[in-house]
Amino acid sequence: MSFDSLGLHAEILRAVLDSGYENPTPVQARAIPVVLSGRDVLAGAQTGTGKTAAFTLPMLNKLQPYANTSASPARHPVRALILTPTRELCDQVFESVNTYGKYLPLRATAVFGGVDMNPQIESLRKGSEIVVATPGRLLDHVQNKTINLSQVEMLVLDEADRMLDMGFILDIRRILGLLPARRQTLLFSATFAPEIKKLAEDFMQNPETIEVARRNATNESVTQCLHAAEPDKKRRVLAHLIRHHEMQQVIVFTRTKLMAERLARELKRDGFDCEAIHGDRTQQARLDTMAAFKEQKLRVLVATDVAARGLDINELPFVVNFELPTNPEDYVHRIGRTGRAGATGVAISLVGPDEDKSLSLIRRLTGKPLELTPVPGELRDGRGERERREAPQREYRESREPRAEREPRPPREGGRRSDILQVETPLVERRNGADQAALGGRVAGAIQHFHRAREVARELPALLLPPRYEIAKRER
Ligand code: AMP
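The model shown is predicted, which means the values in this text are computed figures rather than measured ones. (Residues numbered from 1 in each chain as written. Predicted model: local features only at pLDDT ≥ 70, side-chain atom pairs only at ≥ 80, totals over all residues. Heavy atoms only, no water.)

## Regarding the overall build of the protein
Each helix and strand in the protein was counted, giving 20 helices and 13 strands. For the protein, the residues scored as buried account for 51% of the 476 residues in total. Partitioning the contacts of the protein with sequence separation of at least 6, the portion at a separation of at least 24 is 75%. Summing over all exposed atoms, the protein offers an accessible surface of approximately 22300 Å²; the carbon and sulfur share of this is 49%. (Helix = DSSP H or I, 4+ residues; strand = E, 2+ residues; numbered from the N terminus. Buried < 20%, exposed > 50% of the residue type's maximum accessible area, 1.4 Å probe, protein only. Contact = heavy atoms within 4.5 Å. Areas by Shrake-Rupley, 256 points an atom, 1.4 Å probe, with all protein chains shown as cover.)

As C-alpha cells, this is what we get:
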C-alpha cells in the first residue's frame, strides 16, 4: 500500500514525502482510512510503530477545510486536542504536527508544564486549531480561561495507558467533560489494560479496534540481550559494553532520578559525553539535553522512565536497561526506543541479583524466555576512559598486565614494599564464580595467568613481608 491510496490531501502527501517515508506503516495503513471515515478508533500500537502520523495525518486532513491565513483569532478556534502523558511526548507530537502540516495554514500550540505559561497564553489568544497538551497544564489554562474547548471536534489520547499509570485519570475525565459530546475520539495505547477499556466504553462511540502488534508484545526487530551484573559492577560493565559494541549513541534507563543523576556523573568522569534527563531537571534543561542528543552531540543519554516516555530518536540502535523497571510494561516502552519504524535495534539489560522479580514479570508479559547471557568481550579494569585515554600508552599497557609479568625489581633494602607485592588484576580476582563464567574464555585465561604470576611471585622474598596495611602502619 502507498500513501497515495489513502486519500490524503496533496499538501499532506507532500510533507510525508519530504519526511522520506515511502509507505505507510501497518498502524497507519489501518488507522488512517478509519479516522478519515469519522469513526472513533481504539488503537493498540506500541511506540515506534508510526502511531503519531497514524493520527496526525488524518487529523490534518480533516482540518484542511478550516485552514486559513486570517489574522483573526475567531477564525482559529481549537478544533483538535491531543493529550499526551509527558512534556517530552507533547513537544514531540507538536513537532510532528508542524512537520506534517507545514504546507497547510493551520496553527498549533503545545501546552505543557514546567515552562512559562505566558507564551502559551499568547499563542492560544491568537488562535490555534490544534492544541497538543499534557493534562495538568491544560487544566491550568482552563482554570485561567485562557483556552476555549467548546469547538473541539477531535480528541486524541496518546499513550493513554501511561496517562493512567501516571495518575491522570481524574484530569482526563474532567477534560473529557469539558468537550462537546459530538466529537471523534481516538485512543492510542501500547496496552489494553481493563482501565483503558473502561475509558473507551465511557467516552467513545462504537470505536473500531485496531491492533497492529501483539498485545504487550515487544518490537520484533529489537534483539534483546540480558547480562547478569552485580549492582556495584554495573557501571563498569556498561562502559565496557558501550566501547565493545562501539555504540555511537545509547539511551540508558535507570529506575530513579537519583541513580540517573549519579550514573551520568560517573559516566562523564569516565570520559563519555553524557547527560541525564529526569523529573528533577528543569523543563528547559530537559529540552536542551534532548536537542543535544538528537544532534548527536551527546553519546549517552541517561533517563528515567517518565522523562524518556515518547522520546523519538531516529535510528537509535542501542538501549540499555541499567536497572530493570519494576513495572514490566515500562520494559516494552523502554526497548521501543530502538528498532523504530522497521529499523533493527539492540536492547541490553543489566540484571542484578535483586532483580529476579522484575525479570520474571517481564518474561511473563513479553512471553519470551529472555535468558541471561555472558557479557561479550573482555572487561577492562576499573579505570576511567578519560584517565586511560590521557595516560601515556606505556603506563596504560602496564596497568592492564599482571605486575609480576614485568621485570621484577629487586626488593628494597630493609624489607620495604616492593612492586611484586602489587601482583593483582583487581577486577578479575574480585569477581565471584558466577561472574567468572559469564566473562568467557579470554578472561578465564587472564585469571589463570594471574595465578601463575602469583606463584612466581611467591618465591620471591618480597612476599615474605607482612601484609600491606601493617607496612602502612609502620611507615606512619
Ligand atoms: P512513532 O511511533 O509515532 O513514535 O514513530 C516512530 C518513528 O517512525 C518516527 O521517527 C517517525 O518519523 C517514523 N515514521 C513514521 N511513519 C513512518 C513511515 N511511514 N515510514 C518510515 N518511518 C516512519
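Now that the structure has been shown, the text picks up again.
## What about the sheet that holds strand β13 (residues 345-351)?
Taken in spatial order, the six strands line up as β8-β13-β12-β9-β11-β10 in an open sheet, and their pairing is parallel. Bordering the open sheet on either side are β8 (222-228) and β10 (274-277), each of which pairs with just one other strand. Across this sheet, the average inter-strand angle for adjacent strands is 20 degrees, counted without regard to direction. Summarising the sheet, β10 and strand β11 (residues 300-303) pair through four bridges and their orientation is parallel. Bridge pairing in β11 places A276 opposite V302. In the packing of helix α14 (residues 328-335) onto the sheet, contacts are made with β8, β9 (250-253), β12 (318-321) and β13, and the angle to β12 comes to roughly 155 degrees. (Pairing = 2+ DSSP bridges. Axes fitted to C-alpha atoms, helices over the stretch in contact; angles between N-to-C directions.)

## Remarks on the side chain of H76
Checked against the element boundaries, H76 lands in the loop between α3 (51-63) and β2 (80-83). A polar atom in the side chain of H76 sits 2.6 Å from the backbone oxygen of S70. (Polar contact = N/O pair within 3.5 Å; in protein donor to acceptor, adjacent residues only side chain to side chain.)

## Quick word on the pattern of salt bridges
Between side chains of opposite charge, a pair can form when the charged atoms approach closely. For the structure shown, the criterion picks out 21 salt bridges. The partner of K51 in a salt bridge is D158, and the shortest N-O contact between them spans 3.1 Å. With K51 in helix α3 and D158 in the loop between β5 (154-157) and α7 (160-165), this residue pair connects regions lying 107 residues apart in the sequence. Note on accessibility: K51 and D158 belong to one class, buried. Two residues, K234 and E355, come together in a salt bridge whose shortest N-O distance is 2.7 Å. In this pair, K234 is assigned in helix α10 (residues 234-244) and E355 in the loop between β13 and α15 (356-366), connecting sequence segments 121 residues apart. Each member of the pair K234 and E355 is classed as buried. The structure contains a network of salt bridges with shared partners spanning R235, R262, E266 and D270. (Salt bridge = Lys/Arg side-chain N within 4 Å of Asp/Glu carboxyl O.)

## Considering the sheet that holds strand β1 (residues 41-44)
Spatial ordering of the open sheet is given by β3-β4-β2-β5-β6-β1-β7, a layout of seven strands whose pairing is parallel. Each edge of the open sheet carries a strand with a single partner, namely β3 (108-111) and β7 (208-211). The average angle at which neighbouring strand axes cross in this sheet is 15 degrees, direction not considered. As paired strands, β5 and strand β6 (residues 184-189) are joined by four bridges and run parallel to one another. For L157, the partnering residue across the bridge sits in β6 and is L187. Along the sheet, α3 makes contact with β2, β4 (130-133), β5 and β6, crossing β6 at roughly 165 degrees.

## What about the environment of R281?
Residue position: R281 is located in the loop between β10 and α12 (283-294). Take R281: its relative accessible area is 22%, and that puts it in the partly exposed class. Along the sequence, R281 and E261 sit 20 residues apart, while their C-alpha atoms lie 9.7 Å from each other. Contact partners of R281, with chain neighbours within four places excluded, come to E275, A276, R286 and T289. Separated by 2.9 Å, the side chains of R281 and T289 make a polar contact.

## Regarding the confidence of the model for the protein
For the protein, per-residue confidence averages 80 on the pLDDT scale, and residues scoring 70 or more make up 75% of the total. Taken together, the stretch residues 387-476 has pLDDT below 50 and engages in 86 contacts with residues farther than four places along the chain or on a different chain. (pLDDT = per-residue confidence, 0-100.)

## Side note on the packing of helix α2 (residues 26-37) against α3
With their axes 9 Å apart at the nearest point, α2 and α3 run at an angle of 25 degrees to one another. Relative to α3, the element α2 lies roughly parallel. In this structure, the crossing between α2 and α3 has a hand that is right-handed. From α2, V27, Q28, A31, I32, V35 and L36 reach across to α3, where they touch K51, A53, A54, L57, P58, N61 and K62. Grouping the amino acids of the contact of α2 with α3 by side-chain chemistry returns nine nonpolar, two polar and two charged. (Parallel < 35°, antiparallel > 145°, perpendicular 65-115°, else oblique. Left-handed = near helix turned anticlockwise from the far one by under 90°. Nonpolar A, V, L, I, M, F, W, Y, C, P; charged D, E, K, R; others polar.)

## What about the packing of aromatic side chains?
Counting across every chain of the model gives two aromatic pairs. The ring of Y66 has R79 lying over it, and the distance from NZ or CZ to the ring centre is 3.5 Å. For K234, the ring lying beneath its charged end belongs to F322, and the centroid distance is 5.8 Å. (Phe/Tyr/Trp six-rings, centres within 6.5 Å; stacked < 30°, edge-to-face > 60°. Lys NZ or Arg CZ within 6 Å of the ring centre and 35° of its normal.)

## A closer look at the pairing of β3
Of the two faces of β3, the one carrying A108 and A110 and the one carrying T109 and V111 are both buried. Each parallel crossover has a hand, and the one from β3 via helix α5 (residues 118-126) to β4 is right-handed. (Right-handed = clockwise from strand over helix to strand, strands pointing away.)

## Quick look at unusual backbone geometry
One non-glycine residue with positive phi stands out, namely N206, at about 40 degrees. Within the secondary structure, N206 sits in the loop between α9 (194-203) and β7.

## Observations regarding the nonpolar core
By size, the foremost hydrophobic cluster in this structure holds 41 residues, and its most contacted members are L8, L57, M59, I82, I130, L186 and F188. Broken down by element, this core gets its largest block of residues, seven residues, from α3. Not counting residues within four places of it along the chain, the set of residues in contact with L186 comprises V35, R39, V41, F55, M154, L155, V156, L157 and M204. (Core = buried A, V, L, I, M, F, W, Y, C linked by side-chain atoms within 4.5 Å.)

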